[in-house]
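# Chains, contacts and geometry: an overview
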Amino acid sequence: MSVLVTGGAGFIGSHLCRALLAKGEDVLVIDDLSTGSYDNLADLDDGRRLRLIVDSVNHEALVDTCVQQVSKVYHLASAVGVRLIIEQPVRTIQSIVGGTESVLKACARYRRPFLLTSTSEVYGKGSKVPFSENDDTVMGATSTRRWSYACAKALDEFLALAYWTEARLPVVIVRLFNTVGPRQTGQYGMVVPAFVSQALRGDPITVYGDGQQSRCFAHVYDVVEALCQLMDCPAARGQVINIGNNEEISIEGLALRVKEITGSDSPIVKIPYQQAYGEGFDDMRRRVPDLSKIAALIGYRPQRNLDQIIRDVVESKRQGARD
Ligand code: UDP
């Protein structure tokens, strides 16, 4: 039996497919290619061990047929990136909530283990550092569109946990913190690929706000290895688990690291949030994961640091990865 990866043509999904194939699994992908790209899977698509179905996870009958054929389900299909969420709020909410409902329903029917990739956005504006899985979530006003993403993903988490509580469906929920690596596009606003592309072109590096907000960036290779291990970890069932890296850097500091690693002459310019995102935006000042739970479950420790992450993104852009 193969495994199903929804959103398998996306940035993280395609790296997960590669890792699963390397572990000897056959992989079935459902992806509507809305933000994913066939290019991400092209080298894996030899017509034997990877099968791609181009459709939406909101298509219940299709999802049912696919889930019946596989032994476990990694559900990554989701709207991606803050910019898209602000620009297309209806599609975002419907694809997140409806898609997860459809996949979970089929997993419950055939009792297939289910892993949901949720997000650190769920912590919202919480100011506690670091974020631990049982911390309160702090959402902004519903008039601020950014929070629709966090609320929709939180609802996905509730639904998955409800299947675990009511029917002991094996579910694992992971909250991904900022995840970066080769082939990630800056098109949806993600800061590292955006800065690297700007630096390589010699364009200004655009730091939003005062640049003192900070993030922690994890290498996608560390993240997908953790996804595979958590899926097969009995103690992870019914749990919410952070995945990320806890090396923190300010966004201005990141711009300087990118400039240094690329050897670029690009100026660093500061752009007000309003100009960058328009209305409907609220930023988080800090976002650091507490990694003690995942360390206890699978012995996770990030293997790659920020400089390696930036170097891998630079290398991938130099080899022609899309901006
Ligand atoms: N950011 C920036 N310049 C860019 C893109 C993003 O300064 O060209 C900032 C953004 O405002 C945020 C941080 O970088 O403070 C991380 O943004 P991203 O969208 O990558 O992730 P998230 O906001 O979800 O952490």
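First, a word on scope: everything that follows refers to the structure included in this document. None of these values were measured; they are calculated from a predicted model.

### Some details on the pairing of strand β6 (residues 171-176)
- Across the six residues of β6, six count as buried, placing the element largely inside the fold.
- Neither face of β6 is open: one carries Val171, Ile173 and Arg175, the other Val172, Val174 and Leu176, and all of them are buried.
- Judged from the six bridges that link them, strand β5 (residues 114-119) and β6 form a sheet pairing that is parallel. Across the sheet, Phe114 pairs through a bridge with Val171, a residue of β6.
- Handedness of the β-α-β unit built from β5, helix α5 (residues 146-167) and β6 comes out right-handed.

### Focus on the sheet that holds β5
- Reading across from one edge, β3-β2-β1-β4-β5-β6-β11 is the order of the seven strands in this open sheet, with parallel pairing throughout. Looking at which strands have only one partner, the edges of the open sheet turn out to be β3 (50-53) and β11 (239-243). When the angles between neighbouring strand axes are averaged without regard to direction, this sheet yields 20 degrees.
- Judged from the five bridges that link them, strand β1 (residues 2-6) and strand β4 (residues 70-75) form a sheet pairing that is parallel. By the bridge assignment, Ser2 is partnered in β4 with Val70.
- Set on the sheet, helix α1 (residues 11-22) makes contact with β1, β2 (27-30), β3, β4 and β6; between it and β1 the angle comes to about 170 degrees.

### A look at the site of the ligand
- The local shell around the ligand holds 18 residues, among which Thr206, Tyr208, Arg215, Asp283 and Arg287 are the closest.
- Interatomic distance of 2.7 Å between a side-chain N/O atom of Asp283 and an oxygen atom of the ligand.
- Note that an oxygen atom of the ligand is positioned 2.7 Å from one of the side-chain N or O atoms of Arg287.
- Burial of the ligand by the protein amounts to 94% of the accessible area it has alone, namely 520 Å².
- For the shell around the ligand, the elements supplying multiple residues, two or more each, are α6 (191-201), β8 (205-208) and α9 (273-277).

### Considerations on the pairing of β4
- For β4, the buried fraction is high: five of the six residues fall into the buried class.
- Both β4 and β5 contribute to a ladder of three bridges, which runs parallel. Bridge pairing in β5 places Tyr74 opposite Leu115.

### Some remarks on the pattern of salt bridges
- Throughout the structure, instances matching the rule amount to 22 salt bridges.
- A salt bridge links Arg285 to Asp210; its shortest N-O distance comes to 3.0 Å. Residue Arg285 is located in the loop between α9 and α10 (292-298), and its partner Asp210 is located in the loop between β8 and β9 (214-216); the two are separated by 75 residues in the primary sequence.
- One continuous salt-bridge network, built from bridges that share partners, spans Glu121, Arg146, Arg215, Asp283 and Arg287.

### A closer look at the packing of aromatic side chains
- If you walk through the whole model with that rule in mind, you get three aromatic pairs.
- Arranged with centres 4.5 Å apart and planes meeting at 5 degrees, the rings of Tyr123 and Phe131 form a pair that is stacked.
- Summarising the aromatic geometry, the rings of Tyr123 and Phe177 are spaced 6.0 Å apart at their centres and angled 40 degrees between planes, so their arrangement reads as tilted. Placement of Tyr123 in the loop between β5 and α5 and of Phe177 in the loop between β6 and β7 (179-180) is noted, with a sequence separation of 54 residues between them. Both residues of the pair, Tyr123 and Phe177, count as buried.
- Grouped by ring-pair contacts, the aromatic residues Tyr123, Phe131 and Phe177 constitute a single cluster.

The rules we used
- Residues numbered from 1 in each chain as written.
- Predicted model: local features only at pLDDT ≥ 70, side-chain atom pairs only at ≥ 80, totals over all residues.
- Heavy atoms only, no water.
- Buried < 20%, exposed > 50% of the residue type's maximum accessible area, 1.4 Å probe, protein only.
- Helix = DSSP H or I, 4+ residues; strand = E, 2+ residues; numbered from the N terminus.
- Pairing = 2+ DSSP bridges.
- Right-handed = clockwise from strand over helix to strand, strands pointing away.
- Axes fitted to C-alpha atoms, helices over the stretch in contact; angles between N-to-C directions.
- Contact = heavy atoms within 4.5 Å.
- Near = heavy atom within 4 Å.
- Polar contact = N/O pair within 3.5 Å; in protein donor to acceptor, adjacent residues only side chain to side chain.
- Areas by Shrake-Rupley, 256 points an atom, 1.4 Å probe, with all protein chains shown as cover.
- Salt bridge = Lys/Arg side-chain N within 4 Å of Asp/Glu carboxyl O.
- Phe/Tyr/Trp six-rings, centres within 6.5 Å; stacked < 30°, edge-to-face > 60°.

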